[in-house]
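The chain contents come next:
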Amino acid sequence: MVIAVDFDGTIVENRYPEIGEERPFATETLKMLQQQHHQLILWTCREGHLLDEAIDWCHQRGVDFWAINRDYPEENGSKNNNNFSRKIKADLFIDDRNVGGLPDWGEIYHIITEHKSYRHVLRDQMGMGHEEHHHHKKHWWNF
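Here's a quick rundown of the structure. Quantities reported herein were computed from a predicted structural model and do not represent experimental measurements.

For the rest of this paragraph, the subject is unusual backbone geometry. The bulk of non-glycine residues show a negative phi, and the bulk of peptide bonds are trans. Here the bond from Tyr-16 into Pro-17 is cis, since omega is 10°, no more than 30 degrees from zero. As for its placement among the helices and strands, Pro-17 is situated in the loop between strand 1 (2-5) and helix 1 (26-35). If you check the backbone angles, His-115 has positive phi at about 55° while not being a glycine. Here His-115 shows up in the loop between helix 3 (105-113) and helix 4 (118-125).

Below you can see the structure in the form of structure tokens.
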């Protein structure tokens, strides 16, 4: 599976342009995903030396990405090429700006490895069985 991962606010606390503290279990989770043959793309707005710092920070912790801000390592994007899209073609995106926020890295690991949605992970944590989800929604016009 191809997984695009943001850096600031996701792997580390958001202290841009500085590098914040690592979010708990971020690099450990990324290394486990790599061991399971997932292809990780670093997907960040960092450029130039700030991007190099982020890449080095990850490398020092044993996380080397399959590609960085591109779909595959050999991709040669250009701002002057009208056929080039900056949109990454990934199966999953891990980003602190998700609707609903960023789950913790343990939840992220379970979502990916167990092929669950975040909704299912939350239901499991609240101890709600699937049979409990079939209640009918009360609409405002049905008082």
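Attention shifts here to the packing of helix 1 against helix 3. It is at 9 Å that the axes of helix 1 and helix 3 come closest, and there the two elements cross at 15°. Between helix 1 and helix 3, the angle is such that the two are roughly parallel. Between helix 1 and helix 3 lies a crossing of right-handed hand. Residues Ala-26, Thr-29, Leu-30, Met-32 and Leu-33 of helix 1 form the contact with helix 3, whose participating residues are Trp-105, Tyr-109, Ile-112 and Thr-113. For the contact of helix 1 with helix 3, the per-class residue count stands at seven nonpolar, two polar and no charged.

Enumeration over the complete set of coordinates arrives at five salt bridges. Note that Arg-46 is salt-bridged to Asp-8, the shortest N-O span being 2.7 Å. Linking Arg-46 in the loop between strand 2 (39-42) and helix 2 (48-60) with Asp-8 in the loop between strand 1 and helix 1, this pair joins segments that are 38 residues apart in sequence. With respect to class, Arg-46 is no different from Asp-8; both count as buried.

Before going further, it helps to spend a moment on a negative patch on the surface. Side chains of Glu-18, Asp-52, Glu-53 and Asp-56 sit close together on the surface and give a patch of like negative charge. Structurally, the position occupied by Asp-52 is in helix 2.

Procedures and definitions
- Residues numbered from 1 in each chain as written.
- Predicted model: local features only at pLDDT ≥ 70, side-chain atom pairs only at ≥ 80, totals over all residues.
- Heavy atoms only, no water.
- Helix = DSSP H or I, 4+ residues; strand = E, 2+ residues; numbered from the N terminus.
- Axes fitted to C-alpha atoms, helices over the stretch in contact; angles between N-to-C directions.
- Parallel < 35°, antiparallel > 145°, perpendicular 65-115°, else oblique.
- Left-handed = near helix turned anticlockwise from the far one by under 90°.
- Contact = heavy atoms within 4.5 Å.
- Nonpolar A, V, L, I, M, F, W, Y, C, P; charged D, E, K, R; others polar.
- Salt bridge = Lys/Arg side-chain N within 4 Å of Asp/Glu carboxyl O.
- Buried < 20%, exposed > 50% of the residue type's maximum accessible area, 1.4 Å probe, protein only.
- Patch = residues over 30% accessible without salt bridge, like charges linked within 9 Å, V, L, I, M, F, W, Y side chains within 5 Å.
- Areas by Shrake-Rupley, 256 points an atom, 1.4 Å probe, with all protein chains shown as cover.
- Lys, Arg positive; Asp, Glu negative; His and termini not counted.
- Charge placed at Lys NZ, Arg CZ, Asp CG, Glu CD.

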